[in-house]
Amino acid sequence: MLALLLLLLLATEALRMSISGPQIYESLSHFGMHAGKTVVVKYGGHAMSDEAAARCFAQDIVLLQKLGVRPVVVHGGGPQIGNLLSRLNVSTSFVDGLRITDAATVEVAEMVLSGTINKQIAAAISAEGGHALGLSGRDDSLIVAERLLKERRGDDGHLEVIDLGFVGEPKSVNAALLVRLLGQDVIPVVAPIATGRNGETFSVNADTAAGAVAQALGASRLLLLTDVPGVLDARKNLLEAITPASARDLIADGIVRGGMIPKLQTAVTAVNNGVDGAAIVDGRVPHAVLLELFSEKGAGTLVSS
Ligand code: X2W
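Residues numbered from 1 in each chain as written. Predicted model: local features only at pLDDT ≥ 70, side-chain atom pairs only at ≥ 80, totals over all residues. Heavy atoms only, no water.

### Regarding the environment of Asn-198
No. 1: Looking at the secondary structure, you find Asn-198 in the loop between strand 9 (193–195) and strand 10 (201–203).
No. 2: A relative accessible area of 68% places Asn-198 in the exposed class. (Helix = DSSP H or I, 4+ residues; strand = E, 2+ residues; numbered from the N terminus. Buried < 20%, exposed > 50% of the residue type's maximum accessible area, 1.4 Å probe, protein only.)

### Some details on the sheet that holds strand 12 (residues 241–242)
No. 1: With mixed pairing, the 8 strands of this open sheet are ordered in space as 5-8-2-1-11-13-14-12. The open sheet has two edge strands, strand 5 (132–136) and strand 12, and neither has a second partner.
No. 2: Inspection of the sheet shows strand 12 paired to strand 14 (residues 300–303) by 2 bridges, in the parallel sense. Each residue of the ladder has a partner; that of Ile-242, found in strand 14, is Val-303.
No. 3: Across the sheet, helix 3 (residues 51–66) lies against strand 1 (38–43), strand 2 (70–75), strand 8 (187–191) and strand 11 (221–226), angled at about 150° from strand 2, the strand it touches most. (Pairing = 2+ DSSP bridges. Contact = heavy atoms within 4.5 Å. Axes fitted to C-alpha atoms, helices over the stretch in contact; angles between N-to-C directions.)

### Let's talk about helix 6 (residues 175–183)
No. 1: Every buried residue belonging to helix 6 is among Ala-175, Leu-177, Leu-178, Leu-181 and Leu-182, and all of these are buried. What you see down the axis of helix 6 is that its buried residues fit within an arc of 155°, all on one side. Away from its buried face by more than 90 degrees, helix 6 exposes Arg-180 and Gly-183.
No. 2: Where helix 6 is buried, its residues touch strand 1, strand 2, strand 5, strand 7 (159–173), strand 8 and helix 7 (206–217). (Arc of directions from axis to C-beta.)

### As for the site of the ligand
No. 1: If you check the shell around the ligand, you find 15 residues, and the closest are Lys-42, Gly-45, Gly-77, Arg-99 and Ala-206.
No. 2: Take Lys-42: an N or O atom from its side chain is 2.6 Å from an oxygen atom of the ligand.
No. 3: Take Gly-77: an N or O atom from its main chain is 2.9 Å from an oxygen atom of the ligand.
No. 4: With the chains in place, 91% of the 430 Å² that the ligand exposes on its own is no longer accessible.
No. 5: Broken down by secondary-structure element, the contributors of at least two residues to the shell around the ligand are helix 4 (78–87) and strand 4 (98–99).
No. 6: The element best represented in the shell around the ligand is helix 4, accounting for 3 residues. (Near = heavy atom within 4 Å. Polar contact = N/O pair within 3.5 Å; in protein donor to acceptor, adjacent residues only side chain to side chain. Areas by Shrake-Rupley, 256 points an atom, 1.4 Å probe, with all protein chains shown as cover.)

### Re the packing of helix 6 against helix 7
Between two packed helices, both the angle of their axes relative to each other and the distance between the axes serve to describe the pair.
No. 1: Put simply, helix 6 and helix 7 touch, their axes get as near as 9 Å, and they point 75° apart. Looking at the two axes, helix 6 sits roughly perpendicular to helix 7. Judged by residue contacts, Ala-175, Leu-178 and Val-179 of helix 6 engage Val-213, Ala-216 and Leu-217 from helix 7.
No. 2: Per-class residue counts for the contact of helix 6 with helix 7 are 6 nonpolar, no polar and no charged. (Parallel < 35°, antiparallel > 145°, perpendicular 65-115°, else oblique. Nonpolar A, V, L, I, M, F, W, Y, C, P; charged D, E, K, R; others polar.)

Written out as C-alpha cells, the structure reads:
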C-alpha cells in the first residue's frame, strides 16, 4: 500500500516535471537505495541568486522527505558575505578558497550565514510544505571546531602554517540532535558557523561542514551542489562516476584544479569515512538533487568505492 502511494506520488511529481514512463521506472529502482536513509545536501552561495532555482531546490528537499528520505541541508553563502563586507568597506581575501577571517569578518559571516541566508532557506522549504528548522553549528554544540592551521608549501619548498584567523576545522558534530529532529520529520538547515571549545565563533567552509555532518550521520549520500557540470577529465569530458583512488590521481596529476580540489577532497574524505557516496552536482540543472539521487545518469560526478 505504502509502495503504491509512493509510486503515485512519484508519478505525479514526474508528470509535473515532464518525464517519461521509463524514467519513472528508473527512478523507482533508485528509490529503494535511499528510502529511510539520510542525505546531506550542501547548497552553495552561488546557487542561491536565481529565485526559480532556489524554489526548485526547496521543492526537491520537501519531495525527498515525502519519499521517506531524511534530508539535511548545509548551506554556504560566500558571495553574500562578500557583498556585505564590501558594503561595510571591509576588504577580504582568500587562501586556497578559504576566506581570511578576522574578528570583524567572522561577525559579518555569522550575521549573513546564521541570519539572512539560513532563514531564507528555511522559509523557502517551509513555503513548499516542509518543516524546516534553521540552526547554526553554535546551537547545542552542533559543530564544535578548532582553529584551522593551514599548511602551504612556500616558494622555497618549505611547509609554512598560515593563520586564517577565525576559520574552524570541525572536530565533532552533535549527530544526536540532528537524528532527533529528523525523527520528528523536521528538516535541519545548518549554517556553517561553529563553536570553539572556549566559546569562540568560527567560520567553516560550507563544503567541509557538510562533509563533517554527513560523516557524523553516516549518510547514504553527500551532495555538493555547485555551478559547474562536475569533475572533468583531461579532455574536459564529464566523469559521471569515480573511485576515491582515481579522484586522488586526478588531483595529483593536475587535471582537477582550483576550487574543485577542496570539493573533491571533501567527497573523498566522506566516502573514506562511511558515507556511501558523495556527488559533486550541477546545481544549475533544474531538480538536480532528484536527478542525482533517482536517475542512472545523475547530474554530476559520483565518488564511491
Ligand atoms: C566561507 C563560509 C561560506 C561558504 C566564507 O567565508 O565564504 C570560509 O571560507 P560557499 O557559498 O559554499 O562558498 N568560510 C572559511 O563556504 O560559502
